[in-house]
Amino acid sequence: MIEKRKHSRVDSIYLLNYVHLDEDDKELLQGMGRTINVSESGIMLETHVPFSQDDKIDVVVGLKEDMVPIRGKVVFSRATPTGQYQAGIEFLAIEATALEILRRYIDAFNALSSTL
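What counts and what doesn't
Residues numbered from 1 in each chain as written. Predicted model: local features only at pLDDT ≥ 70, side-chain atom pairs only at ≥ 80, totals over all residues. Heavy atoms only, no water. Phe/Tyr/Trp six-rings, centres within 6.5 Å; stacked < 30°, edge-to-face > 60°. Helix = DSSP H or I, 4+ residues; strand = E, 2+ residues; numbered from the N terminus. Buried < 20%, exposed > 50% of the residue type's maximum accessible area, 1.4 Å probe, protein only. Lys, Arg positive; Asp, Glu negative; His and termini not counted. Salt bridge = Lys/Arg side-chain N within 4 Å of Asp/Glu carboxyl O. Polar contact = N/O pair within 3.5 Å; in protein donor to acceptor, adjacent residues only side chain to side chain. Pairing = 2+ DSSP bridges.

In the annotation of an unreviewed UniProt entry, the chain is listed under the name PilZ domain-containing protein and assigned to Desulfosarcina ovata subsp. sediminis.

Laid out in structure tokens, this is it:
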């Protein structure tokens, strides 16, 4: 299979807060979810509610003591056998400092994984 991703993904499970936005950036729904994996350009999010392709989502991911706010859009969504929903989120906007925190986390995780 040919890899289409620009950035490698790191499998990780962190709780996060999300806000589902309408086309005018007004809040439709707020809830909690968890990350399944993360990269510099997106995350896979698991929630109790489904999303549709192209939905806009604001998420705040807690990486240890750092909070990383990110805006993204849903590129795919699927139901799981356990009744949860997974959504692939492509980042649309991430501040430079938040991106740097995310990169440090991914680098540290990759370094740790290579020693196991």
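This paragraph deals with the packing of aromatic side chains. Both the distance between ring centres and the angle between the ring planes are used here to describe each pair of aromatic rings. Applying the stated criterion across every chain, the model contains 1 aromatic pair. The interplanar angle of 85 degrees and the centroid separation of 5.4 Å between the aromatic rings of Tyr-18 and Phe-51 together place this pair among those described as edge-to-face. Residue Tyr-18 is located in strand S2 (residues 15–21), and its partner Phe-51 is located in the loop between strand S4 (42–47) and strand S5 (56–63); the two are separated by 33 residues in the primary sequence. What makes Tyr-18 buried here is its relative accessible area of 3%. Judged by relative accessible area, which is 5%, Phe-51 ranks as buried.

Next up on the list: the side chain of Asp-55. Looking at the secondary structure, you find Asp-55 in the loop between S4 and S5. Although Asp-55 lies buried, it forms no salt bridge, and the closest oppositely charged side chain, Lys-56, sits 9.8 Å away as judged by the N-O distance. At a separation of 3.0 Å, a polar atom in the side chain of Asp-55 contacts the side chain of His-20.

Before going further, it helps to spend a moment on the pairing of strand S3 (residues 27–38). In this sheet, S3 lies alongside S2 in antiparallel orientation, the contact comprising 7 bridges. Bridge pairing links Leu-21 to Glu-27 in S3. Between the end of S2 and the start of S3, which pair antiparallel, lie 5 residues, with Asp-25 showing a positive phi angle near 65 degrees. Of the strand pairs in this sheet, S3 and S4 are connected by 4 bridges, and their pairing is antiparallel. Its bridge partner being in S4, Arg-34 is matched across the sheet by Glu-46. Between S3 and S4, which follow one another and run antiparallel, lie 3 residues.

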